[in-house]
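Chains, contacts and geometry: an overview
Residues per chain, in single letters:
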Amino acid sequence: MDAIEAIEKRRARRNFEERDVPKETVEELIRIASLAPSPYNSQPWHFIAVRDRLLVDEIQAAIRRQAARIWKMRPFLKLVLPSLRGERIREIIEKAPRQTIHRAPLFLLVCADDSWPNAEASCAYAVQNILIAATALGLGGTHIGGVSLINRDRRLISRLNVPNGFRVVDSLVLGFPRDTPATPPRKAVSEILSWR
Ligand SMILES: Cc1cc2nc3c(=O)[nH]c(=O)nc-3n(C[C@H](O)[C@H](O)[C@H](O)COP(=O)(O)O)c2cc1C
């Protein structure tokens, strides 16, 4: 499969077969992630592969708990905004209280080293490499939003062994997909491209 075909075939996959993703395949996906560009070749990323479903449930509960705490503070939201830097406020308020981590053989946490500029963006490029390579290998997955809320749970962060100076910025479920969803419609190129 060439790159363009893999990009076109990649879809958000949410239903998976029971079988595990082999450790070597996970390592290969992370190697391909590490080929992504980053400022000064800083490679400001770290990945935590979680196979323990109970731990995934704990992460889901932590996202919901933190979202509920923020929801309670909504009259004062403007005051707490600085401490929510980098988190998507709308996602937190509307979605995170019900956030569901789809049942998958693998849950991948993506952590950024904030001592580098644009570390979160670099992580996003690495994650896209993973999703495209996964497609080429017959795997699939999707992002799970709101996960940055778990940074507020120091106990969980230390259980997950998030390296010092890193912050959880994204997460993915991954596995062998059961179905092939249709491509959600995209904006026309004429709408998203302008020339000057
Ligand atoms: C930052 C981000 C967060 C997302 N969060 C979720 C999520 O929490 N749950 C989910 O099922 N899909 C999530 N998605 C997947 C999108 O819903 C999906 O990419 C979009 O609907 C377009 O579909 P496609 O990826 O199949 O082209 C997320 C995607 C991104 C980029």
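Residues numbered from 1 in each chain as written. Predicted model: local features only at pLDDT ≥ 70, side-chain atom pairs only at ≥ 80, totals over all residues. Heavy atoms only, no water.

**Details of the nonpolar core**
- Ranked by internal contacts, the top residues of the largest apolar core, which has 25 residues, are Ile59, Ile101, Phe107, Leu109, Ile150, Leu160 and Val168.
- Sorting the residues of this core by element identifies strand E1 (45-50), helix H3 (53-72), strand E2 (106-113), helix H7 (154-159) and strand E4 (166-175) as the ones contributing at least two each.
- Among all residues touching leucine 109, those that are not within four sequence positions of it are His46, Phe47, Ile48, Val50, Ile59, Val147, Ile150, Leu160, Val168, Asp170 and Ser171.
- One finds Ala33, Val127, Ala133 and Leu139 within the second-largest nonpolar core, a separate group that totals 24 residues. (Core = buried A, V, L, I, M, F, W, Y, C linked by side-chain atoms within 4.5 Å. Buried < 20%, exposed > 50% of the residue type's maximum accessible area, 1.4 Å probe, protein only. Helix = DSSP H or I, 4+ residues; strand = E, 2+ residues; numbered from the N terminus. Contact = heavy atoms within 4.5 Å.)

**Quick word on the site of the ligand**
- Surrounding the ligand, one finds 13 residues, the nearest of these being Arg11, Ala12, Arg14, His102 and Arg186.
- Between an oxygen atom of the ligand and a side-chain N or O atom of arginine 11, the distance comes to 2.7 Å.
- Glutamine 99 has a polar side-chain atom sitting 3.0 Å from an oxygen atom of the ligand.
- Relative to its unbound accessible surface of 620 Å², the ligand loses 70% to contact with the protein.
- Per-class residue counts for the shell around the ligand are 3 nonpolar, 5 polar and 5 charged. (Near = heavy atom within 4 Å. Polar contact = N/O pair within 3.5 Å; in protein donor to acceptor, adjacent residues only side chain to side chain. Areas by Shrake-Rupley, 256 points an atom, 1.4 Å probe, with all protein chains shown as cover. Nonpolar A, V, L, I, M, F, W, Y, C, P; charged D, E, K, R; others polar.)

**Observations regarding the pattern of salt bridges**
- Considering all chains together, one arrives at 9 salt bridges under this definition.
- Between glutamate 17 and arginine 19 there is a salt bridge, with its nearest N and O atoms 2.7 Å apart.
- Residue classification places arginine 19 among the partly exposed positions, given a relative accessible area of 46%.
- In this structure, lysine 23 engages glutamate 27 in a salt bridge whose closest nitrogen and oxygen atoms are separated by 3.4 Å. On the criterion of helical spacing, the pair formed by lysine 23 and glutamate 27 is a turn pair, its members being 4 residues apart in helix H2 (residues 23-33). (Salt bridge = Lys/Arg side-chain N within 4 Å of Asp/Glu carboxyl O.)

**Some points on the sheet that holds E4**
- One open sheet holds the 4 strands; their spatial order is E1-E2-E4-E3, and the pairing between them is antiparallel. The sheet is open, and its two edges are formed by E1 and strand E3 (140-143), each paired on a single side. Neighbour-to-neighbour, the strand axes of this sheet turn through a mean angle of 25°, independent of strand direction.
- H2 contacts E1, E2 and E4 of the sheet and is inclined by roughly 160° relative to E1. (Pairing = 2+ DSSP bridges. Axes fitted to C-alpha atoms, helices over the stretch in contact; angles between N-to-C directions.)

This is a description of form; function is not addressed.
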